[in-house]
Amino acid sequence: MLARLQKIDPAAKEVGDWQKSYLSELVRKEQYNFDSKAVRQYFAYNKVRDGIFQLMSTLFDISIHPWDTTTWHDSVEAYEVRDNGKLMARFYLDMHPREGKYKHAAHFSLQNGLTGRQLPVSSLVCNFPGGDDGSGLMTHDQVETFLHEFGHLIHHFFGGEQRWTSFSGVATEWDFVEAPSQMLEEWIWDADTLKLFATNEQGETIPDELITKMNTTRYFGRGLNVKNQMFYAATSLNYYNREPDSFDLTRKMIEMQDRYSPYKYVDDTHFFASFGHLDGYSAIYYTYMWSLVIANDLFSRFEKEGMHNRKVAKDYREKVLAPGGSADAAELVKDFLGRPYNFEAFEKELDKGTR
Ligand SMILES: [Zn+2]
């Protein structure tokens, strides 16, 4: 990335935090011949949504139908989930930006499932293109985010058969909550999944060559990204493990950035002021990386036995998602994998970034 920057500015000595996305896009385009804009034509919002519904229905043997109900905005859609014909959950999709709306992407549970008493209800709130004509084109990143949030959604409804509300749905340890969602992201790199729904306006299916290119560039910059995530995790932890009146927020952040981040601190900037997870996730931003270790390990069984293997999906649903928070996550993972979790799959993933 520095070499590429020096073509623009021969005097450049290092890559700045604010330059990384732009440079990364240039390198991916020039060295890997991958243009993220070329992929967008295959990701019209409505097709992506229907494709994700189809993937979930086939993999987990459920069906998703429109739910005729009132919503809080015209653009919000409502759906019912049926398991063998039996109503099991309901959810809303509030997926397009509008004035005054929450700006990120998240899953919100609205009602926890309780056996024989109430069904799980939740909502995805995202900001994807689309809206009025529903034909907005998404980036691959956004499609990945959609699937990620859907991972939380299925955890909520598959884990909704509980006696106690505090064990219902996404009620596992915070160390684990991002594992099911991050594992599901894998499917959006899978050719068989993409070919289910990724067609352009002319009806042409996404070409194999483009899918291969996407997968080749996937690991570009992985190491830098992991290091940067470590910086965020260390900042979040080190803001909460001491008395709030005894340290300087900016100085502590610079210290963590020097130690973990590949990018230098930019004078007079205060990243923490817009670090939303500091509030919602408090000290435990590290859950993203830690959950990824477990997500990679969980995925190793699908990788070995087949991403569209319904027996593995059934096992996953029953052993990992259905128990909600009624058992320790480590036990659920062990039950699914047949052994305790380990770091091997994560190390293998990191290693792919070095080639
Ligand atoms: Zn998440």
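Here the structure is shown first, and the text comes after it.
Rules behind the numbers
- Residues numbered from 1 in each chain as written.
- Predicted model: local features only at pLDDT ≥ 70, side-chain atom pairs only at ≥ 80, totals over all residues.
- Heavy atoms only, no water.
- Donors = N, O, S within 2.8 Å, 3.2 Å for Na, K, Ca; no water.
- Helix = DSSP H or I, 4+ residues; strand = E, 2+ residues; numbered from the N terminus.
- Expected span 1.5 Å × (residues − 1).
- Buried < 20%, exposed > 50% of the residue type's maximum accessible area, 1.4 Å probe, protein only.
- Contact = heavy atoms within 4.5 Å.
- Patch = residues over 30% accessible without salt bridge, like charges linked within 9 Å, V, L, I, M, F, W, Y side chains within 5 Å.
- Areas by Shrake-Rupley, 256 points an atom, 1.4 Å probe, with all protein chains shown as cover.
- Salt bridge = Lys/Arg side-chain N within 4 Å of Asp/Glu carboxyl O.
- Axes fitted to C-alpha atoms, helices over the stretch in contact; angles between N-to-C directions.
- Parallel < 35°, antiparallel > 145°, perpendicular 65-115°, else oblique.
- Left-handed = near helix turned anticlockwise from the far one by under 90°.
- Nonpolar A, V, L, I, M, F, W, Y, C, P; charged D, E, K, R; others polar.
- Polar contact = N/O pair within 3.5 Å; in protein donor to acceptor, adjacent residues only side chain to side chain.
- Phe/Tyr/Trp six-rings, centres within 6.5 Å; stacked < 30°, edge-to-face > 60°.
- Lys NZ or Arg CZ within 6 Å of the ring centre and 35° of its normal.

Student: An account of the coordination of the zinc ion is needed here, citing residue identities and associated values.
Tutor: Six octahedral donors at a metal ideally form angles of 90 or 180 degrees, and four tetrahedral donors ideally form angles of 109.5 degrees. Around the zinc ion, the protein contributes the donor atoms His 148 (NE2), His 152 (NE2) and Glu 178 (OE), at 2.1 Å from the metal centre. When the donor residues of the zinc ion are listed from N- to C-terminus, their spacing reads H-x3-H-x25-E. Residue His 152 is found in helix H5 (residues 140-158), and its partner Glu 178 is found in helix H6 (residues 178-184); the two are separated by 26 residues along the sequence.

Student: So what's going on with helix H9 (residues 222-240)? Residues and values would help.
Tutor: End to end, H9 covers 28 Å across 19 residues, agreeing with the expected 27 Å (1.5 Å per residue, within 8%). When H9 is considered as a whole, its buried residues turn out to be Arg 222, Val 226, Asn 228, Gln 229, Phe 231, Tyr 232, Ala 233, Ala 234, Thr 235, Ser 236, Asn 238 and Tyr 239. In this structure, the buried residues of H9 make contact with helix H2 (20-31), helix H10 (249-260), helix H11 (277-280), helix H12 (287-305) and helix H15 (344-352).

Student: Can you lay out a nonpolar patch on the surface for me, pointing to particular residues and giving the numbers?
Tutor: A cluster of nonpolar side chains, contributed by Trp 72, Tyr 102, Phe 108 and Leu 110, occupies part of the molecular surface with about 400 Å² of accessible area. Relative to the elements of secondary structure, Leu 110 occurs in strand S4 (residues 106-111). Residue classification places Leu 110 among the partly exposed residues on the basis of a relative accessible area of 49%.

Student: How would you explain the packing of H5 against helix H13 (residues 310-321) if you had to name every residue and give the values?
Tutor: Running from N to C, H5 and H13 point in directions that differ by 70°, and their axes come no closer than 10 Å. Here H13 runs roughly perpendicular to H5, going by the angle between their axes. Every pair of crossing elements has a handedness; the one defined by H5 and H13 is right-handed. Residues Ile 154, His 155 and Phe 158 of H5 form the contact with H13, whose own contacting residues are Arg 317, Val 320 and Leu 321. Classifying every residue of the contact of H5 with H13 by side-chain character gives 4 nonpolar, 1 polar and 1 charged.

Student: Which residues make up the pattern of salt bridges, and what are the values?
Tutor: Inspection of every chain in the model, using the stated rule, returns 24 salt bridges. Residue Glu 25 is joined to Arg 28 by a salt bridge in which the shortest nitrogen-to-oxygen separation is 3.3 Å. Here Glu 25 pairs with Arg 28, and both are found in helix H2, just 3 residues apart, close to one helical turn. Among the salt bridges present, the one from Asp 94 reaches Arg 98, with a minimum N-O distance of 3.0 Å. On the basis of relative accessibility, which here comes to 2%, the residue Asp 94 falls in the buried class. The class of Arg 98 is partly exposed, set by a relative accessible area of 26%. Each of Arg 301, Glu 305, Lys 311, Asp 315 and Lys 319 takes part in salt bridges that share partners, so that together they form one network.

Student: Break down the side chain of Gln 162 for me, citing the residues and quoting the values.
Tutor: Turning to its location among the elements, Gln 162 is positioned in the loop between H5 and H6. The buried category is assigned to Gln 162, whose relative accessible area is 8%. Only 3.0 Å separates the side chain of Gln 162 from the backbone oxygen of Ala 322, close enough to count as a polar contact. Not counting chain neighbours up to four residues away, the residues in contact with Gln 162 comprise Gly 113, Leu 114, Thr 115, Phe 167, Ser 168, Ala 322, Pro 323, Gly 324 and Ser 326.

Student: Help me get a handle on unusual backbone geometry, residues and values and all.
Tutor: With a phi close to 55°, Asn 33 is a non-glycine residue in the positive phi region. As for its placement among the helices and strands, Asn 33 is situated in the loop between H2 and helix H3 (36-40). A relative accessible area of 52% places Asn 33 in the exposed class. Positive phi, normally seen in glycine, also occurs at Ser 282, with a value near 45°. Positionally, Ser 282 belongs in the loop between H11 and H12.

Student: How would you summarise the packing of aromatic side chains if you had to cite specific residues and measurements?
Tutor: All told, the structure shown has 34 aromatic pairs when counted by the stated rule. Both rings, one in Phe 91 and one in Phe 150, keep their centres 5.8 Å apart while their planes meet at 85°; by these two values the pair is edge-to-face. On the criterion of sequence distance, the pair formed by Phe 91 in strand S3 (residues 86-94) and Phe 150 in helix H5 is long-range, its members being 59 residues apart. Side by side, Phe 91 and Phe 150 carry an identical accessibility label, which is buried. Feature note: the residues Trp 174, Phe 231, Tyr 232, Phe 271, Phe 275, Tyr 281, Tyr 285 and Tyr 288 constitute an aromatic cluster, connected by ring pairs. Its guanidinium or amino end placed over the ring of Tyr 263, Lys 20 lies 5.2 Å from that ring's centre, counting from NZ or CZ. The lysine or arginine in question, Arg 242, covers the ring of Phe 247, its NZ or CZ lying 5.9 Å from the ring centre.

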